Each structure stands twice: as structure tokens, then as C-alpha cells.
Amino acid sequence: MHRLSELAAFVAVVESASLTATARQMSLSKSTLSRRLTRLEARVGQPLLRRRSYGLEPTDAGQVFAGYCRDMLDIDRESRYALEQLSERVVGQLTVHAHPLFMRGWFMHNVEAFLARFTEIELNLVTLTQPPTGGSGVSLCLWPGELGDCGLRSEVVGYLTRGIYAHPDYLAERGTPTHPRELADHQWVDMLGERRVPLELRNDSQRLVYRLAPLRLRARTDQLVLQADAIARRGGLGVLPDWTAAKRSHAHPGTLCRCLPDWSLPALPVTLAYPYGRLPRKTVCLLDYLREAIPQAWRI
């Protein structure tokens, strides 16, 4: 009989292609994660993963088995939800903190879906612009970036890849950069403060790294939508999560263009933070719901 912890570890490794990233995401040591995979392969009776230069990838058997693993995990998750609904009501008030980056779009959509499922829960949503701490009364927080030792248990549930974007008309007027050294010659929209520190760009195919000097910050906002609006108004180049830029481009075609597509910025972790110890059932239910609702694009 397969253990669900091993199935979950295998699926996570297939999706991330990285033992290190999966261990961090699941709050496990690499040795513990490796043992789970080894036991699973021994139980299945054939290799499920193989190592490549860019990371791990499933074998043919692993690709087939991963699909069944996802089905088994889905069945387990749905059965637990069904039994919880029968055994105990999920009721009460719950305060959720989130950075403004998440308050629009994906987060609100899933909060509404959660409330539709758990009809006796009352949610109080609070915007948080400073990293949460253990003494701040936070019961659950969705935060962009790693939190380190903040007095709360933090769990990285995904990553937002990022790129440099501009309006096509701005690039037509000022020229499209072909190398990071040309970025310093452009206007920058930096309302999120990304350029207060050196900006590191990587070209993995050519194994190149380029560090762009920081800018003096003239205006600041914590609203990603204002940053995107300023870029779309032809204000200059700016950093945006690729997922956000894709959603905006779908709604407003032709307003954003990714510069230097062969170069990437460090991905931004998506972190769930909550207190240590036993959590109220309403908090556990929302945590489980958000974990499962993380978009596939954030898991890579």
C-alpha cells in the first residue's frame, strides 16, 4: 500500500524538477525527502525519476505513475473534506492577512470559493504591507518573499517568476534593449522599490549573470496594479511577475511586452505564514484550501 506522504513528495518533485526546492516547499530535509522517494521506487519496483543537467525529470513509468498519484491525492483530499463536513461543523470568524499583491484576482476568487463551500465561516480580510511577526496577532498570512525567523511557521507554496516589461510604444520610441547593459539607458517605473537593490539577471543558456546598479527611489506604492498601470502608460521599464503580466495582457492586449526574454530575475517565493502549534479547524481548512488552489504556474 502506498503512503500518501510518499506520493505527495513524488508529485511535488515531478512538478518542481528540484529536490532542493521540493524539500524547502514541504519543510523537509533533503535526506528525508530522498528516503521517501527511494521507498516509493522500491515499492513500485522500477525507477520513477532520472537526473538531468537542469534537474530531475520523471521516467516513462514515473510520468504514468504521477497521474495516478495525483488522482489518489485528490481522492484523499476530497474524502477528508467530506468526512470533516459530516463530523464537525466549520464555523466562526477568521482574520486573514495578505500583501496587496494577492488581494486582487487569484486570492479574492479563492476566498469567495472557500466561503461558498464553508457557509458558516466569516472572513475578515486585512491588507498587510510589512512582514508578519509572531507577536502581531496574525493567524494566517499570504506573503510575497521568504520570511525567515519571524516567529511564525512559514511555508513556501509557490514561486512567481518575474520579468522586465514595457509598453510596445515606449520600446518603439526608445528602442528595445538587447542586453542588460542597455537597461541603464532607459526610464524606469519602480513604484514597488525593486530597484533599490542591485538587480540580478541570469541567462541560463549562456551561463551569464549581470548585476544592474540600484536606482534612487522617487515614488513608492505597495499596489502592483499601480506599477502595471504606470508601465502601460509608457512610463518606462518595470519589473512585474510574469503571471500577473500574462493576466493583464489577456484583459488588455498589446499593453505589455516582456524585454530580454532570454534573461530572468530571481523568482519571488509565495509564502503562507501561521502560528506554531495546534491550529483551529477553520484555519486548517483555509490553509488546505489555499495550498490546493495554488496555480500550476506558481509551482514551477
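Note that the structure is predicted; figures quoted are calculated from it, not measured.

*Asks:* What is the right way to look at the pattern of salt bridges in this model?
*Replies:* Think of it this way: side chains of opposite charge can pair up when their charged atoms draw near. For the coordinates displayed, the defined rule picks out 15 salt bridges. A salt bridge links Arg24 to Glu146, with the nearest nitrogen and oxygen atoms 3.9 Å apart. Taken as a pair, Arg24 in helix H2 (residues 19-25) and Glu146 in the loop between strand S5 (141-144) and strand S6 (153-160) lie far apart in primary sequence, 122 residues in all. Within the structure, one salt-bridge network assembled from shared partners comprises Glu6, Arg39 and Arg43.

*Asks:* What is the right way to look at the packing of aromatic side chains in this model?
*Replies:* Both the distance between ring centres and the angle between the ring planes are used here to describe each pair of aromatic rings. Scanning all chains against the criterion turns up seven aromatic pairs. Measuring from centroid to centroid gives 6.0 Å for Phe102 and Trp298, while their planes differ by 50 degrees, and the two rings are tilted. Of this pair, Phe102 sits in helix H5 (residues 100-103) while Trp298 sits in the segment after helix H10 (281-293), placing them 196 residues apart in sequence. Take Phe102 and Trp298: they sit in the same class, and that class is buried. Ring geometry for Trp243 versus Trp298: centroids 5.0 Å apart, planes at 80 degrees, classification edge-to-face. Taken as a pair, Trp243 in helix H9 (residues 242-251) and Trp298 in the segment after H10 lie far apart in primary sequence, 55 residues in all. Judged by relative accessible area, which is 2%, Trp298 ranks as buried. Among the aromatic residues, those joined into a cluster by ring pairs are Phe102, Trp106, Phe107, Trp243 and Trp298.

Criteria and thresholds
- The residue numbers shown here count from 1 along each chain, following its written sequence.
- Confidence filtering applies because this is a predicted model: local features only for residues at pLDDT of at least 70, side-chain atom pairs given and counted only at 80 or more, and all residues used for totals across whole chains, interfaces and linings.
- The basis for the side-chain values is all heavy atoms of the structure; hydrogens and waters are excluded.
- What counts as a salt bridge is simple: a side-chain nitrogen of Lys or Arg found within 4 Å of a carboxyl oxygen of Asp or Glu.
- A run of H or I in DSSP becomes a helix once it reaches four residues, and a run of E becomes a strand once it reaches two; helices and strands are each numbered from the N terminus.
- Stacked, tilted and edge-to-face are the three classes assigned to paired rings of Phe, Tyr and Trp, where Trp is represented by its six-membered ring and a pair needs centres within 6.5 Å; plane angles under 30 degrees give stacked, over 60 edge-to-face, the rest tilted.
- Remark: exposure states derive from per-residue accessible area (1.4 Å probe, protein chains only) relative to the maximum for the residue type, with buried under 20%, exposed over 50%, and partly exposed in between.

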